[in-house]
Amino acid sequence: MELNPLAADARPSLLGLGLGELESVLLGIDGAGPQTRLRARQLFHWLYHRGAASFDAMTTLPKGLRDTLGQRYSVARPEIAAEQRSTDGTRKWLLRFADGQEVETVFIPEDDRGALCVSSQVGCTLSCSFCHTGTMPLVRNLGSAEIVAQMLVARDALGEWPTGRDGRLFTNVVMMGMGEPLFNYDATVAALRLAMDEHGLNLSRRRITVSTSGVVPRIEQLGADLRVGLAISLHAVRDELRDELVPLNRKWNIATLLDACRSYPSRRPITFEYVMLHGVNDSDADARELVRLLKDIPAKVNLIPFNPWPGSAFGCSSNNRIHAFARIVEEAGHASPVRTPRGRDILAACGQLRTESRRQHRLPSAA
């Protein structure tokens, strides 16, 4: 159990700890008393069901225990260094952690749901050529506390505590923010277990999706551990092109990636994300090859109009070209919605997230 501060506070944070870990913390304070398990459940409830941001708010805990916890530990959120709101309702938070490193988290509201796009790393190691985040160096992985904290910040901002309130906006989590979640596997899984806990954030696994650029060895493990939704950042149907757009393809090519998808244990179709790049990957021939590749995989294809960012070498396919591509895929039996760009005006759309964090040290990125 590793405890680190989330905000500019020397006290280690309890956020990101599960029930057993919280019990261990309390054993270190009160000894192995008969009520330790009960107190751990109460503490868990306050952290993840009620969203308490201070120990004083945890009124079912004895005052002496609250005082001791407050002296030794913190439940503070990371600093919100900046917040932006798009004209379409999208909200983006720049979160600063105790070491000064920052990530962006985006909330995208829809009529009947709202998805929080969560980051897993500071920076990214993948260097996908069409992605603004890919121009950043990988600084470090986020801890489970830092991943969970993004969800807590969103609930705070939306006023949706306690968990289970009617009419809530924040219903879905998509691990599609900065970084490759499966290169930070343990922290990502630990955070999502907390998100799914029925006594805590209580998000259904059906409303959680993990996106990967193709870390093949971890895909099978994710299915065994969580069985959440899987999204694949595909973006090309030929290895020569995908090697350029998504360099990870040089390690695990399209055929290897699709074999892993065929064995993924999910009742939901796998989502294949395909950014539409003018004159690069958007021809009718590309669409037909995509259909061929997915012929025996329960699949949904999200067509993503390319979102421009400063210095990008790519352009977005025309609206007519995107819809012609979609028709070919849909006629083959795969849903192929065209994603409506959200938050472009605040650089919050797909592929636009980037902070000014700088490399301090590079963590190993092997799965």
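Scroll up for the structure.
Residues numbered from 1 in each chain as written. Predicted model: local features only at pLDDT ≥ 70, side-chain atom pairs only at ≥ 80, totals over all residues. Heavy atoms only, no water.

Let us look at the overall build of the protein chain. Along its length, the protein chain carries 10 helices and 11 strands. The C-alpha radius of gyration of the protein chain comes to 21 Å, within 12% of the 21 Å expected for a compact globule of 367 residues. Here the protein chain holds 367 residues, and 54% of them are scored as buried. Looking at the protein chain alone, contacts between residues at least 24 apart form 66% of all its contacts between residues at least 6 apart. Across the protein chain, the centroid of the 44 positively charged side chains sits 2 Å from that of the 41 negatively charged ones. (Helix = DSSP H or I, 4+ residues; strand = E, 2+ residues; numbered from the N terminus. Rg over C-alpha atoms; globule rule 2.2 N^0.38 Å. Buried < 20%, exposed > 50% of the residue type's maximum accessible area, 1.4 Å probe, protein only. Contact = heavy atoms within 4.5 Å. Lys, Arg positive; Asp, Glu negative; His and termini not counted. Charge placed at Lys NZ, Arg CZ, Asp CG, Glu CD.)

This brings us to the side chain of E273. Along the chain, E273 turns up in strand β10 (residues 270–276). Judged by its relative accessible area of 5%, E273 is buried.

L14, L69 and F272 are the most contacted members of the largest nonpolar core, which totals 111 residues. It is helix α4 (residues 144–158) that provides the largest number of residues to this core, a total of nine residues. Once residues within four sequence positions are removed from consideration, F272 is found in contact with I232, L234, L258, C261, L294, I297, A299, K300, V301 and N302. (Core = buried A, V, L, I, M, F, W, Y, C linked by side-chain atoms within 4.5 Å.)

For the structure on display, the rule yields three aromatic pairs. Judged by centre distance (6.2 Å) and plane angle (70 degrees), the rings of F306 and F314 are edge-to-face. The aromatic ring of W161 is capped on one face by R155, whose charged end is 5.3 Å from the ring centroid. (Phe/Tyr/Trp six-rings, centres within 6.5 Å; stacked < 30°, edge-to-face > 60°. Lys NZ or Arg CZ within 6 Å of the ring centre and 35° of its normal.)

What follows concerns the state of the cysteines. On inspection of all chains with the given rule, the structure shows zero disulfides. You can see C131 has no disulfide; the closest cysteine sulfur is in C128, sitting 6.2 Å from it. (Disulfide = S-S within 2.5 Å.)

What follows is about the sheet that holds strand β2 (residues 91–96). Ordered in space as β1-β2-β3-β4-β7-β8-β9-β10-β11, the nine strands form an open sheet in which the pairing is mixed. The outermost strands of the open sheet, each flanked by one partner alone, are β1 (79–85) and β11 (299–305). Averaged over all pairs of adjacent strands, the angle between their axes in this sheet comes to 20 degrees, without regard to strand direction. As paired strands, β2 and strand β3 (residues 102–109) are joined by six bridges and run antiparallel to one another. The partner of R91 across the bridge, within β3, is F107. On top of the sheet, α4 reaches β1, β2, β3, β4 (114–117) and β7 (172–175); it is set at about 130 degrees to β2, its chief contact. (Pairing = 2+ DSSP bridges. Axes fitted to C-alpha atoms, helices over the stretch in contact; angles between N-to-C directions.)

Our next topic: the packing of helix α1 (residues 19–30) against helix α3 (residues 63–72). Relative orientation of the contacting elements α1 and α3 amounts to 105 degrees, with a least axis distance of 11 Å. Accordingly, the angle class assigned to the pair α1 and α3 is roughly perpendicular. For the pair α1 and α3, the contacting residues are V25, L26, G28, I29 and D30 in the first and L65, T68, L69 and R72 in the second. Its residues assigned to classes, the contact of α1 with α3 comprises five nonpolar, two polar and two charged. (Parallel < 35°, antiparallel > 145°, perpendicular 65-115°, else oblique. Nonpolar A, V, L, I, M, F, W, Y, C, P; charged D, E, K, R; others polar.)

Let us look at the pairing of β11. Along β11, six of the seven residues are buried, which leaves the element largely enclosed by surrounding structure. When β10 meets β11, the two strands line up parallel, connected through seven bridges. For V275, the partnering residue across the bridge sits in β11 and is I304.

Counting through the fold element by element, S74 comes out in the loop between α3 and β1. Taking the relative accessible area as the measure of exposure, S74 reaches 4% and is therefore buried. Here A76 takes part through its backbone nitrogen, which lies 2.9 Å from a polar atom of the side chain of S74. (Polar contact = N/O pair within 3.5 Å; in protein donor to acceptor, adjacent residues only side chain to side chain.)

All right, on to the pattern of salt bridges then. Going through the model one piece at a time under the given rule, you end up with 18 salt bridges. With a shortest N-O distance of 3.0 Å, K63 and D67 are connected by a salt bridge. With a gap of four residues between them, K63 and D67 both fall in helix α3, about one helical turn apart. Given the relative accessible area of 31%, D67 is considered partly exposed. The salt bridge partner of E146 is R140, with a shortest N-O separation of 2.9 Å. Judged by its relative accessible area of 8%, E146 is buried. (Salt bridge = Lys/Arg side-chain N within 4 Å of Asp/Glu carboxyl O.)

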